[in-house]
Amino acid sequence: MKHSNARFMPRATRFSPLAAAISSTLAASFAASAQQAPQPAPGLGLDEIVVTAQKRSENLQSVPISIQAIDSKKLSDLQVASFDDYARFLPSLSVQSYGPSNAQLYVRGVTNGGDGVHVGSQPLVGIYLDEMPVTTIAQNLDVHVYDMARVEALSGPQGTLFGASSMSGTVRLITNKPDPTKTESGFDVTGEYFTAGDPGGKIEGFVNFPVGETAAIRLVGWSEHDGGYINVVRSSPQYYPASGVARDNAQFVEKNSNYVDTAGGRAALKVNLNERWTVTPMLMAQSQTAHGQFAYTPYPVTLNPTNPDGSPRTPMTLGGTGDLNVARYHDEINRDNWWMGTLVVEGKIAALDLTYAGGYIKRDTYSVGDYSDYSLFYDVYYSSTPNSYGNIFVDKNGKVISPAQTVVGWNHFTKESHELRLATPTSWKVHGVVGYFWQRQFNDIQYHYAIDNLSPAVSVDGQPGTLWYEKAYRTDRDRALFTDWTWDITSRLALTGGVRAFHYDNTITGFFGFGAYPGPIGLDTSFAGENLCFPGSANPADKTMPCQNLDYRATKSSETHRVNLTYKFDDDRMAYATWSTGFRPGGINRSVVIPPYNADYLANFELGAKTSWFEHRLRLNAALFYERWKDAQFAYPGPQGVNIVINAGRAAIKGVEADLHWRATEGLTLSTSATYLDAKLLTNVCHRPSADLSCSEAGNEVFAPAGSRLPVSSKFKGNAIARYEWSAGDYRAHAQAAAVYQTDALAALRIHDQGVLGSQPAYGTLDVALGVGHSSWTTEFYVQNLFDKRGESIRYTTCATSTCRLVNVIPIRPRLVGLTFGERF
C-alpha cells in the first residue's frame, strides 16, 4: 500500500486546509460585529430545555416521553465533539464502536450484538440531524458536534413519529439555526495530547449574519486531528503451517498508529418569506480519515499446529503484546466522505402548521483491513489435512505463497427522504399531527478479500488476486402514513393516541463468494461463489462481477401504535403511562440455502414522571419500563464466516432510568443520570428454526438458552457531574468534575462466543476541568479519563470463535490532557 506524504508530517501540524477557510470566515465575522454577546443574568432556576420530540417545540418537562437531553452549554462544558463523547453521558445508550464512523447504537439493552453488517439487519436506533433521518445500514455517520443546540435521546419505541429504524429509540442532533435578528460569531482552538500517545487538536468556528431584515446565513467549520495511542509492535516468530511460509510484520511497526483527521463544514440559510412562511435550506459535508487499528490484544493465545500424521509442530503465541499494543501485518485505513443537503419549509394554512422536510445524503467510504489473523487461524485448523486450505495458495507459476488476506472495501451510499406533515394548534382541545413519509436508501457494496500474487486459477473470475469477492446492490424503500392526536380531557388530564401504517420493500442483487475453483476442504464452494450463480447471469459487459448469485426481495405492510395518558398535578409536576410499539423491517440473507428473515417488533409499557421543585432549582425525571421483543433478529457467523440473520424467539427488558439536576447555589450545579436494565431471553435461541424453540431437532443446537442475559449493554450505567462557577473581579471562573460508571457487559450472546470472549469488565472514569473567562473570551484546561482507566468498548474475534480465538479489545480513549481557548463576538 502506498503511503501519502501526509503520513510522515509532524502529527501536531496535520490540519486540513479548511483551517484557512475557517480563519477567513472568522476574520470577516470580526469586521461584521464588534458587539459583545450579552451575559445571562444570574439566577437560581435551571435553564429551560426546549425539545422537538413530538414534532413541535416544547419544554422538556412538558413532554410525556423519557428523554435525556444535553443542551448547547452542557455540550461545551463536557468537551463533546463526537459520537463517543455524548454517548458517555446518555446512560440509556449503549455503543459498539470499532473506531471512527464504525459504531452501532442501542437503547435500553435491545440488542443481540450482531448488527452493523451492510447486508444484514437495519439499525435498532434511528439517528436524525434536525429533521433529516441519517440512519445508515452500517457505519453510522460520525457527525462532528460543534455549534449544536442540543442532543436528544428518546428512549423506547418511537415508530409512530420516527419510523422503522426507531424500534428501540431515537437520537437527534439539533443544530443552531440562522438568526436574522443578530450578528454573532466565534471560534475555539484546542490543543490536546494522550499521555499514552500523540498530540492532536482542533480549530472550530462559526458566524451568523443577517441578510436584510428577513434572512440570515450561518456558517460553521471545523478541522481536527486526533493523535494515536495504539502501537503496532513486532510479533513473536510465526509461520503458516500448511505452507511453511514465515509470518513477519517488521515493516509495519509503528507507534501511536491510529490517528484520525476530520474536517467539515455546514452552511444554512433561513428566509422568512413573510410572517407565516419560512424556508431553511442547509448543506453539510465532512471528510474523515482514520489510520491504523483501534484494538489491542492483551490476552495471549497459543496455537499448536500438527502434521497430517498428528505429530506436533512448533507452537506459536499470538496476543499478549502489552498495554495498547497489537501486531498487525498490513497498513490499515478507513476513509469516510459524505455530504448532505436538506430543505425545511414551515408555514401556516389557516390555523394549521404545515412542515415539509426533505433531504439527500451521498456517502463514499474506502477501507483497507488486515485479515491475516483469520488466514492464520484457518491455516492452523486445516494444517493436519493433506492438500488443504493453505496448499492452494500459489502464484501463477505454482509457487507456494503466503495465504495472508487483506480486505479492501468500497461502499457508495445514498439516501433520500421526504416528509410532509400538518399540525393543529396545541390550544385546541383535540390537537395533533398527520403526515406522510417516504424514503429510499441505496448501497453499492464491494469487498475484495485479496491475497498478494494469488494465481488467476484460484481468483474470482475478473478479479485478479481476490480469493473471496462481494459485490451487491442493496435498496431499501419505506413509505408511511402517520398520525398522533391528543385529547385534553380536562386541564390536567390528556389522552394521546398515534398510529403509523408503513410499507417496506427491500431488495438485494449481486454476487458473493469464491471463484469457480473446486478447491479442497478449506473452501466450501457449495455455500457461496460462482458455482451457485444463476444460469445465464454472466454478463461480459459488467466487469464488476463474474455472474449473479444474489437476487432477493423482502416486502411487508404493517403498523405501529402509541397510547399515552398524562396527568398534570400542577404546572411543575406530571405523571404518564405509555404503551408503544416499534418495528424493524425484515431482510435477506446472502446465501441461497438460508431463507429471508422477518420483521421483529418491540412492545413498550412505561410509567414515568417529570417534576420540578423549589422554584425550578431542582428537576427530577424518572421512568419505569417493561419491553417485550418478538421475533428478535439475531446475527451469527455461518460457513466461511458469512453473517446469517435468523428470527430467534423472544426477549424481555425491564428497567428504570432517571435524571436529576439541582442548582444548589448560585454557582454550584449538580446533576446525575442513570439507567438500570434487566435484559434476558424468554426463549431459546436455536441454530436453526425450531417449531417449539426447544432446538431438539436433529442437527440443531441451543445457541443461547432462555434466561440468558442480552449482550453489549451494562446492567447499570450512570454519571454524576458537579460544576461550580464564580466571579473574581472582572473574571469568570469555573471548576468541573464529571464521573461515568458502568457495570460489566457480555461481549456476545452465544454460549460458545462467551467462553472465548468473556465479558467486558466494569469501569469508571473521571474528567476534570478548570477554566477562566473575561469579557468575550474563555480558556479551559481539562483532563479526560484522569486515572487512565482501560474500559472496554467492545471485544471481538476476526472470525467465528470456534476457529479464531484471539480476542481483540477496543478500549475507551486513554488519559487525554487538553487546553482550549475560545472567543465570542
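Residues numbered from 1 in each chain as written. Predicted model: local features only at pLDDT ≥ 70, side-chain atom pairs only at ≥ 80, totals over all residues. Heavy atoms only, no water.

Novice: I tried to follow the state of the cysteines on my own but got confused; where do I start?
Specialist: Simply put, disulfide is the name for a covalent bond between the sulfur atoms of two cysteines. Counted according to the given criterion, the structure contains 3 disulfides. Covalently, Cys-686 is tied to Cys-695 through a disulfide, its sulfur atoms 2.0 Å apart. Every disulfide takes its handedness from the sign of the S-S torsion; for Cys-686 and Cys-695 that torsion is -75 degrees, giving left-handed. Cys-695 carries the same exposure label as Cys-686, and that label is buried. The residue that forms a disulfide with Cys-799 is Cys-804, at a sulfur-sulfur distance of 1.6 Å. Between Cys-799 and Cys-804 the disulfide shows an S-S torsion of about 95 degrees. By sign, it is right-handed. You can call Cys-804 buried: its relative accessible area is 1%. Assigning the bonded cysteines of the protein chain consecutive numbers by sequence position, one obtains the connectivity 1-2, 3-4, 5-6. (Disulfide = S-S within 2.5 Å. Buried < 20%, exposed > 50% of the residue type's maximum accessible area, 1.4 Å probe, protein only.)

Novice: Help me understand helix α5 (residues 372-382), please; the structure alone is not making it clear to me.
Specialist: One turn of an α-helix holds 3.6 residues; hence residues three or four places apart share an orientation. With 10 of 11 residues buried, α5 is to be regarded as a mostly interior element. Regarding α5, the residues found buried are Ser-372, Asp-373, Tyr-374, Ser-375, Leu-376, Phe-377, Tyr-378, Asp-379, Val-380 and Tyr-382. Along its buried surface, α5 packs onto β14 (238-240), β15 (245-247), β18 (301-303), β19 (316-318) and β22 (352-370). (Helix = DSSP H or I, 4+ residues; strand = E, 2+ residues; numbered from the N terminus. Contact = heavy atoms within 4.5 Å.)

Novice: Hey, could you run me through the environment of His-503 in this one?
Specialist: Mapping His-503 onto the fold places it in strand β26 (residues 493-513). Separated by 84 residues in the primary sequence, His-503 and Glu-419 have C-alpha atoms spaced 15 Å apart. Leave out the neighbours within four places in its chain, and His-503 touches Arg-477, Asp-478, Arg-479, Thr-555, Lys-556 and Ser-557. A polar atom in the side chain of His-503 sits 3.3 Å from the backbone oxygen of Lys-556. (Polar contact = N/O pair within 3.5 Å; in protein donor to acceptor, adjacent residues only side chain to side chain.)

Novice: For this particular structure, what's the right way to read the pairing of strand β33 (residues 651-663)?
Specialist: If a strand is regular, its side chains alternate between the two faces of the sheet. Relative to β33, strand β30 (residues 618-630) is paired through 12 bridges, and the arrangement is antiparallel. Bridging across to β33, Tyr-626 finds its partner in Lys-654. In terms of strand pairing, β33 meets strand β34 (residues 668-681) through 13 bridges, oriented antiparallel. By the bridge assignment for β34, Val-656 is matched with Tyr-676. Count of turn residues in the β33/β34 antiparallel hairpin: 4 residues. (Pairing = 2+ DSSP bridges.)

Novice: Would you take a moment to explain the pattern of salt bridges for this structure?
Specialist: Under the counting rule described, the total for this entry stands at 41 salt bridges. Residues joined in a network through salt bridges with shared partners are Asp-147, Lys-182, Glu-184, Arg-218 and Arg-266. (Salt bridge = Lys/Arg side-chain N within 4 Å of Asp/Glu carboxyl O.)

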